[in-house]
Structures are given as structure tokens and as C-alpha cells.
Amino acid sequence: LMGAGYSFMSPDDVFEHLEQQKEFPEKSLLLAFDDGCESVATLAAPRMTSRGITGLVFQTTHEDAFVFHLEGNRQKRCSKEQIAELVSRGWKWGVHSVMHTPPSTLSTEELRTDFQQSIHWVSEASEQTVEDYAIPGNFMSTPLLTAAKEAGIKRVWSASPRLNTHPYQQQTLP
């Protein structure tokens, strides 16, 4: 990608552009990872940090939560020590729920509990204020956005390759 003229933005650079409604540089990108699997720390981070690139990780916090398998083996979560190391290098951590449960299947109270538990785990591990959330299953709804805002989330991310058509202004929670 670098050879093709792309530049990598840090999470802080992206947040600044979003908050100040600045236009993004052409061919710029942020690398983000769902689930917080150990391969982020063991495979991606060494390659990225050697090139001065940081990333944004969205962590599922329960050890039995859905994860991708790598070479036929179930991946472990990043350890709290791995998270602390990457945070010290400029990486940011957000939440991706406790069990990777699609929020459309949760009641409002279950959403609140999920945010509370996942934010507590990630903030303790990262020693950061958690302000970012990636939606498991990419289903956005008003109850989800309301619960996110109540939990202190400032930015909700989706991996759906489509235009954000939610009735709320882009990058604004209700």
C-alpha cells in the first residue's frame, strides 16, 4: 500500500479529522482490527510498528467470545500486557462487546450491561478512556446508539461496505 502512494493515519489523526470535520488526505487510511485477537500483537503490530504505523483495536472481552481461527487454531485474546505494550506505542483500544453478540438481539438493558462490562475490561487493560465501539454484526439502531452515548462512547464504527444511511447525522450520536 505504501508503494502505491497510500499513507497511514494514526487513530488520533483520524479522530481529529472527524471531530474538526476536516477533509481526509487522498489515499489515507487507518488500520483497525475487530475482536482483539493475539495475532494483532504477534503478527500485525511488529510489521506495522516497524513502519511507524499504529492501529485501532476493537476488543471482545470474554474468552469464549466468537473469534476467527488462524491456521486452524482458535486465537486467544490479546493479554493485558500485550495491550499495555501496544498502547505505549500509540495504539488505541475500543470495545466490540463482551461476547460478540449482535446488538439487535439484545434488550436495552442488556445493551447497557454489555457496554458497562466491556468498557470496564478494556479501560482497565489499556489504561485509556474507551470512546470507540465497533458494532458486532454491523446492525445500527437508535437503541444501540443511545446506549453507546450513555456509556460514554463517542464514535461508533461499522465494517459494512456501504454508505451510512442511519437517520442521524454522520459521526453524531443521538
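Scroll up to find the structure.
Counting of residues starts from 1 at the beginning of each chain's written sequence and follows it residue by residue. Confidence filtering applies because this is a predicted model: local features only for residues at pLDDT of at least 70, side-chain atom pairs given and counted only at 80 or more, and all residues used for totals across whole chains, interfaces and linings. Each side-chain value is worked out from all heavy atoms of the structure, with water and hydrogens disregarded.

A. Spatial organisation of the environment of Gln128. Helix and strand assignments come from DSSP, with helices taken as H or I runs of at least 4 residues and strands as E runs of at least 2, each series counted from the N terminus. Looking at the element boundaries, Gln128 is found in the loop between α4 (108-126) and β8 (132-134). Note on definitions: a residue-residue contact is assigned when non-hydrogen atoms from the two residues lie within 4.5 Å. Dropping the residues within four chain positions of it, Gln128 is found in contact with Val87, Trp91, Lys92, Trp93 and Ser123. As used in this structure description, the phrase polar contact means that two N or O atoms lie within 3.5 Å; if the pair is within protein, one of them must be able to donate a hydrogen and the other to accept it, and residues adjacent in sequence are counted only when both atoms belong to side chains. Reaching out from Gln128, the side chain makes a polar contact with the backbone oxygen of Trp91 at a distance of 3.2 Å.

B. Just the pattern of salt bridges, in detail. Any carboxyl oxygen of Asp or Glu that lies within 4 Å of a side-chain nitrogen of Lys or Arg is treated as forming a salt bridge with it. Applying the stated rule across the entire model yields ten salt bridges. The shortest N-O distance in the salt bridge between Asp12 and Lys92 comes to 3.4 Å. With Asp12 in helix α1 (residues 11-19) and Lys92 in strand β7 (residues 92-95), this pair connects stretches of sequence that are 80 residues apart. Burial here depends on accessible area, computed with a 1.4 Å probe over protein chains only, as a share of the maximum for the residue type. Under 20% is buried, over 50% is exposed, and the range in between is partly exposed. With relative accessibility at 22%, the residue Lys92 sits in the partly exposed group. With a closest N to O distance of 3.3 Å, Glu131 and Arg155 form a salt bridge. Of this pair, Glu131 sits in the loop between α4 and β8 while Arg155 sits in strand β9 (residues 155-157), and the two are 24 residues apart along the sequence.

C. Inspection of α4 at higher detail. Taking 1.5 Å per residue, 19 residues should reach 27 Å; α4 reaches 27 Å between its end C-alpha atoms and fits that length. Of the positions making up α4, those classed as buried are Leu111, Asp114, Phe115, Ser118, Ile119, Val122, Ala125 and Ser126. Considered in projection along α4, the buried side chains sweep an arc of 135° and stay on one side of the axis. Across α4 from its buried face, at more than 90 degrees, point the exposed residues Gln116 and His120. Taken together, the buried residues of α4 touch β4 (55-59), α3 (80-88), β7, β8 and α5 (142-150). Following α4 by one or two positions, Glu127 has its phi on the positive side, about 55°. Multiply 1.5 Å by the residue count of a helix minus one, and that product is the helix's expected span. Working note: the arc is built from the helix axis to C-beta atom directions.

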